[in-house]
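Chain by chain, the residues run as shown.
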Amino acid sequence: MDFLRPASWEEALAAKAEHPTAVPIAGGTDVMVEINFDHRRPEYLLDLNRITDLTEWEVGQDSVRLGASVPYTRIMENLRAELPGLALASHTVASPQIRNRGGVGGNLGTASPAGDAHPALLAAGAEVEAESVRGSRLIPIDEFYTGVKRNALAPDELIRAVHIKKADGPQQYSKVGTRNAMVIAVCAFGLALHPETRTVRTGIGSAAPTPVRAKAAEEFLNAALDEGGFWDNGKIITPSVAKQFADLCAAACNPIDDVRGTASYRRHAVGIMARRTLTWTWESYRGTAAHTEGVA
Amino acid sequence: MRVNFTVNGRPQEADDVWEGESLLYVLRERLGLPGSKNACEQGECGSCTVRLDGVPVCSCLVAAGQVEGRDVVTVEGLADFAKQRACGSTCGTPLDEAKQWAAKGQDSQTGEGTELSPIQQAFIDAGAVQCGFCTPGLLVAADEMLERNPNPTDADIREGLSGNLCRCTGYEKIMDAVRLAAARQSEGV
Amino acid sequence: MPTTGAPTKITQGSQTKGGIGESTLRPDGTLKVTGEFAYSSDMWHEDMLWGQILRSTVAHAEIVSIDTSEALALPGVYAVMTYDDLPTDVKNYGLEIQDTPVLAHGKVRHHGEPVAIVAADHPETARRAAAKIKVEYRELPVITDEASATAPDAILVHEGRDDHHIGHVPHPNIVHRQPIVRGNAEEAAKKADFVVKGEYTFGMQDQAFLGPESGLAVPDEDGGVHLYIATQWLHSDLKQIAPVLGLPESKVRMTLSGVGGAFGGREDISMQIHACLLALRTGKPVKIVYNRFESFFGHVHRHPAKLYYEHGATAEGKLTHVKCRIVLDGGAYASASPAVVGNASSLSIGPYVVDDVDIEAIALYTNNPPCGAMRGFGAVQACFAYEAQMDKLADQVGMDRVAFRQLNAMEQGTIMPTGQPVDSPAPVAELLRRVKAMPLPPEQQWLSAGEEADVRQLPGGLSNTTHGEGVVRGVGYAVGIKNVGFSEGFDDYSTAKVRMEVVGGEPVATVHTAMAEVGQGGVTVHAQIARTELGVAQVTIHPADTQVGSAGSTSASRQTYVTGGAVKNSCELVREKVLEIGRRKFGSYHPAWATAELLLEGGKVVTDGGEVLADLAEVLEGETVEVEAEWRHRPTEAFDLRTGQGFGHVQYSFAAHRAVVEVDTELGLVKVIELACAQDVGKALNPLSVVGQIQGGTIQGLGVAVMEEIIVDPKTAKVRNPSFTDYLIPTILDTPTIPVDVLELADDHAPYGLRGIGEAPTLSSTPAVLAAIRNATGLELNRTPVRPEHLTGTA
């Protein structure tokens, strides 16, 4: 095993180009577990800790450019307003020690269906900034996850940042685990209301081979909200609409039975979380809308 | 490979390090600092918690090569670390809090005369130590939590220590110890 | 009914500071908070090698061949050993039955069984070498439950058994069977107005001590070996290690290293023999440290169980009879299974008065992971089932669940199903009264917070699954009975060497035992006893090793009773010698030396009237007094193999719990809000430690109620979750407040009237939590742990 320590991003890209099998390591919270438990013996470890740009973020007009290694703790503390869904998701990651080290880049690189950030990214809308010596590209989050622990990166590419749309409405995130802290998701659900486009986006974790959106549920809800004039009148969403939305979210799952939970439970729980997060976000939207009208 | 870094204020050099070794292994097996414990080696128990450039992390998940040139504080250096912090916070006036709460040695194994940090003393006084294997990691985590949040609620303490498993105590005495350290800290200021 | 503590016998030193009854602090506390306390995994030696074990990847198979040549050829590898390299004819070990191969011979019987061992200059070299050992398996069908174990054509897990249980078991795949028959359950059942039947399942729990198995073996110049080890019982290890090495016990020196928790999981041998074999083979010190994955294969677990119960009661609520059958899965090797069967059967009806019982408990041999000792030891599984039965029966009778238990509660004088009278206080009804009388936690605290509900106080916690939706509160009660000490005629003794001398002008006592301090606080208590008995301030606790006689095991809630008793006894013998010296030196100066009852207090010899006769330092000037003596509790006897009758147990221990839970009934997530406990401890030698033990035991019970289970694939008998990622133990956010009410009713048979306390709180905690969840959800819930899918109909 060789340990590569690039001092700059350019050096890192060069190293990855020269050694495409090199495994990037930043927070180490996935890679080191695999090494400690003898599940993996990479030829090269590519340490990204010296590249300080990766732990920085920029808040732009429409989106946040989040460095791949910004620790979850920083996201929770500093980006709650811009990225509420991801901030909530970050808070559910493992433990304080892990949140101090791990970041979204690692979650994307590992691309485990159980990664906590994925549902929030899917719901908010995001693009992954991947780069190699050949150049840089933005991969839409919907095209990023290609299979169980597989993603759209080329062998010579590294994740530099994630561009996440700033929240234009309420976002929520829920995760089921069999413990009240420090737990890997049995399943997870992210929901974002986008009042500007009058759309709703979802993200489901740990309930299919990859993180997925519940597109049929989104389409149903977009239509129902539109038809009922809900975005304007701010009425409470009827229980039958919420139920059908929840059912469609559950139907979007393609889960398995494993030691963490049954497929049947996962489908059930995603439905419950979909209904609850819809209620929470919509209540929040109604509150904000009413408030705005009052001021106007 | 060779790794140079600072541990508890002292420059250290480790030679012939295998690239897959963790910071935890280097501390324990190469630098003679076995205080940080190896209970799960997968970031689930917090027994190996150290501060890396001030930030609490699981040292089992930090690759040895990643600490090159960086600063690490382990449980072995916690008393000194807390003492320096206390001195620093009173603008140069030595406020020797650690000494004030130094252990009252009774028995042969007490390590009489050892200077302790407030959180270390509180763990002893509150009965928060049983087998003690989780203790070093908990102390580093609790000390850092109290540094950020000197008056935590019970829910804050539970959240702050949710990355540290203990199998002996049922956590009640650990709660007592952190409350005690917080109370003594606010009395001392 | 007695409600206050009877006076306990304290013969000496009530005036000496730091004696029994005080919450003195741990003598090892400072070392443990500074990181200087040396645990077994912290051992280090110049030129030491690292040992690695190759384990079977299948549960049941014939070994066709093993090829170690590639491993041996790897640079840095010093030794590779298989069964063929074992040095003597003794190739097995075991606590009671020596059925466990040091290294597999021809066959593996469970997933993760040791097949070969490697010593190398770095752990990674050792791992790579182990990976290069080629083992060819021919897989066999797996035996995983009672049906497959006792089928007429079942493969025998152990062929040619010749142990002392084979004569009375109905099938060679049954390790041991213990029936208990008393009265006539069949007849008594006719008097029952209500009958409740139930079938219960208890999952496989892991001790999950935080310090993984580890140790260092250092070859000695005389051809022997010195082992630094974390264990529960040095001398039991020694008896099993020495014959395999072909060494006399005197050439295997053992020193206890720091032990990172035990809970039963270190009762059996793990890496001890392997480290010694490699050290002797290479002539170099060898260190072995399991990682967490290996630890799940490296020690026995709590027996999973199926329990079948029938309870009857009259319309007035009096229990008429109990029939029960308890099937424990012992896994591939016997370990402590026979004793667990004895406990499960003899404690199977709980702390209740039932004259007519028909009980049977068995342990199976299967290809599942071996099971043995864990805190509560057979009584835990039974308590989960009988307390569920008691709730159901109370509901049938139409009585309050606590009142129903109190009506049937045993008390001093009650006859156990084994025919043994309970001859010390048994405050079962009182403990229930106390735990019920404790104030309930405030109603759903998060409600008053409105939209700003703190998710940390809700089911799901930080995962943000509910802001109150679906959350229902429930309350449940349970009580349990556990035996203390080794039972069934076992010669259960301990040894203490106590020395008294003057050091630096001060009288100092040194206590030397082989007791394994695993965190329970035995060392604290030994110092307290010495102060109380010898009137000294300074007590030195000598490290535990095999240079002193056996202390027995740190298990069965027995160490404060038995080794505490041995320390007390040796102190008393030392005291007599000190007084003899005093009489010789100073007797002529004061008549009280000859006439009065003399005590050692506050560093002085005093009369029982308080008159000071001499300073201890003067008496001991130029003298060293030392006594090493064994001490035994009163003898017990075996249970009759057909009827289960016999004076089998030394002492009983009782605890009661009230659990308050909040359940998200839609998602099936549970938050335990409070777990209140009342326990009788006889005499609290160290109140702070007593409460710590009760709280710790309580949370291990909570763990197996809602999350802890080793999951074994029934098709392959392979362990599916050997990691802390998937075997979950409670975090501080899963843990409720645990108010504890300690009752002190002396047991006149025990030193200071004390009662062993470590295990009882682990029993009743689990059924109390389950009862509270049933109360919240209305579900029957006949298995533990209960997982979200069980609460949502999605299992």
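What counts, and where the lines are drawn
- Numbers given for residues are sequential positions, taken from 1 along each chain in its written order.
- Chains carry letters and ligands carry numbers; both start at the beginning, A for chains and 1 for ligands, and go up in the order they are written.
- Owing to the predicted nature of the model, reporting of local features is limited to residues with pLDDT of at least 70; listing and counting of side-chain atom pairs is limited to 80 or more, with chain, interface and lining totals taken over all residues.
- Values shown for side chains rest on all heavy atoms present in the structure; no hydrogens or waters enter the calculation.
- Counting from the N terminus, the helices are DSSP H or I runs at least four residues long and the strands are E runs at least two residues long.
- Here's how the labels work: a residue is buried when its accessible area is under 20% of the maximum for its type, exposed when over 50%, partly exposed in between, all with a 1.4 Å probe on protein chains only.
- Contacts are residue-level and defined by heavy atoms, with any inter-residue pair within 4.5 Å sufficient.
- Residue-level accessible areas treat just the shown protein chains as cover; the underlying method is Shrake-Rupley with a 1.4 Å probe.
- When charges are counted, neither His nor the chain ends are considered; positive counts come from Lys and Arg and negative counts from Asp and Glu.
- Each charge is placed at NZ for Lys, CZ for Arg, CG for Asp and CD for Glu.
- For the radius of gyration, the atoms used are the C-alpha atoms, and the globule rule reads 2.2 Å times the number of residues raised to 0.38.
- Buried area is calculated as the accessible area (1.4 Å probe) missing from two parts once they are joined, with the contributions of both summed.
- Just to be clear on terms, a salt bridge is a Lys or Arg side-chain nitrogen sitting within 4 Å of an Asp or Glu carboxyl oxygen.
- Between N or O atoms, a polar contact is any pair within 3.5 Å; within protein, one atom must be a potential hydrogen donor and the other a potential acceptor, and residues adjacent in sequence are included only when both atoms are from side chains.
- For this scheme, ten residues count as nonpolar: Ala, Val, Leu, Ile, Met, Phe, Trp, Tyr, Cys and Pro. Four count as charged, namely Asp, Glu, Lys and Arg, and the remainder, Gly too, count as polar.
- Pairing between strands requires that DSSP locate at least two bridges from one strand to the other.
- Axis definition: a line fitted to C-alpha atoms, limited for helices to the stretch in contact. Angles are taken between N-to-C directions and run from 0 to 180 degrees.
- Note that the domain bounds reflect an automated or database-derived domain assignment.

Let us now look at the overall build of chain A. When helices and strands are tallied, chain A shows 11 helices and 13 strands. Referenced to the eigenvectors of the C-alpha coordinate spread, the extents of chain A come out at roughly 60 × 45 × 30 Å. When burial is assessed residue by residue, chain A has 60% of its 296 residues classed as buried. Taking all contacts inside chain A whose residues are at least 6 apart in sequence as the whole, residues at least 24 apart take part in 62%. When the accessible surface of chain A is totalled, it reaches about 11200 Å², and 50% of it is carbon and sulfur. Charged side chains in chain A number 31 positive and 35 negative. The centres of these two groups are separated by 6 Å.

In terms of regular secondary structure, chain C is built from 20 helices and 31 strands. Computed over the C-alpha atoms, the radius of gyration of chain C is 27 Å, within 12% of the 28 Å expected from 2.2 N^0.38 for a compact globule of 795 residues. Principal axes of the C-alpha set define a box for chain C whose edges measure 85 × 75 × 60 Å. When the 795 residues of chain C are sorted by exposure, 69% land in the buried category. Look at the contacts in chain C between residues 6 or more apart in sequence, and 79% of them connect residues 24 or more apart.

The partner chain A presents 35 residues to the 43 residues of chain C that form the contact. Summed over both sides, the interface between chain C and chain A buries roughly 3200 Å², with carbon and sulfur atoms accounting for 51% of that surface. Where chain C touches chain A, the interface holds 6 salt bridges. Close ionic contact of Arg276 of chain A with Asp664 of chain C constitutes a salt bridge, the shortest N to O distance being 2.6 Å. Put simply, chain C and chain A have 24 residue pairs in polar contact (both at pLDDT 80 or more) between them. Of the residues belonging to the side of chain C that touches chain A, the class tally is 15 nonpolar, 15 polar and 13 charged.

A word on the interface of chain C and chain B. The partner chain B presents 61 residues to the 74 residues of chain C that form the contact. When the two sides are added together, the surface that chain C and chain B hide from each other amounts to roughly 5300 Å², 55% of it contributed by carbon and sulfur. When the buried area of chain C at its contact with chain B is split by residue, Val33, Leu210 and Ile732 of chain C rank highest and sum to 15% of it. Inspection of the region where chain C meets chain B yields 6 salt bridges. Between Glu29 of chain B and Lys287 of chain C there is a salt bridge whose closest N-O contact spans 2.9 Å. Linking chain C with chain B are 29 residue pairs in polar contact (both at pLDDT 80 or more). Take the side of chain C that touches chain B: its biggest share by element is 8 residues, from helix H18 (residues 687-706) of chain C.

We now examine the pairing of strand S7 (residues 135-140) of chain A. Remember that side chains alternate between the two faces of the sheet whenever the strand is regular. Residues and elements named next belong to chain A. As defined by bridge partners, strand S6 (residues 126-132) adjoins S7 across 6 bridges and the pair is classed as antiparallel. Across the sheet, residue Glu131 finds its bridge partner in S7, namely Ser136. Hairpin connection, S6 to S7: the antiparallel pair is bridged by 2 residues.

The subject of this paragraph is the sheet that holds strand S12 (residues 187-194) of chain A. Residue and element names in this part refer to chain A. Overall, antiparallel pairing links the 3 strands, which are arranged S11-S12-S13 in an open sheet. Every other strand in the sheet has two partners, leaving strand S11 (171-176) and strand S13 (199-205) as the edge strands with one partner each. For this sheet the average axis-to-axis angle between neighbouring strands, irrespective of direction, equals 10°. Relative to S12, S11 runs antiparallel, the two being bridged by 6 bridges. Counted as the bridge partner of Lys175 is Ala188 from S12. Here helix H7 (residues 117-124) sits on the sheet and contacts S11, S12 and S13; the angle it forms with S13, its principal contact strand, is near 160°.

The next thing to look at is the domain arrangement of chain C. Residue and element names in this part refer to chain C. Assigned domains within chain C: domain 1 (29-37 + 493-632), domain 2 (40-140 + 212-259 + 266-298) and domain 3 (424-487 + 648-791). Using only C-alpha atoms to locate each centre, domain 1 and domain 2 end up separated by 39 Å. At the boundary of domain 1 with domain 2, total buried surface from both sides reaches about 1200 Å², with 57% on carbon and sulfur atoms. At the boundary of domain 1 and domain 2, one finds 0 salt bridges. Counting across the interface, domain 1 meets domain 2 through 7 residue pairs in polar contact (both at pLDDT 80 or more).

Residues and elements named next belong to chain C. Within the open sheet, the 4 strands sit side by side as S23-S22-S21-S27. Their pairing is mixed. With one partner strand each, in any of the chains shown, strand S23 (538-542) and strand S27 (625-632) form the two edges of the open sheet. Taken over all neighbouring pairs, the strand axes of this sheet differ in orientation by 20° on average, direction set aside. As judged from the 5 bridges shared by strand S22 (residues 506-512) and S23, these two strands associate in the parallel manner. Its bridge partner lying in S23, Thr510 is registered against Thr540.

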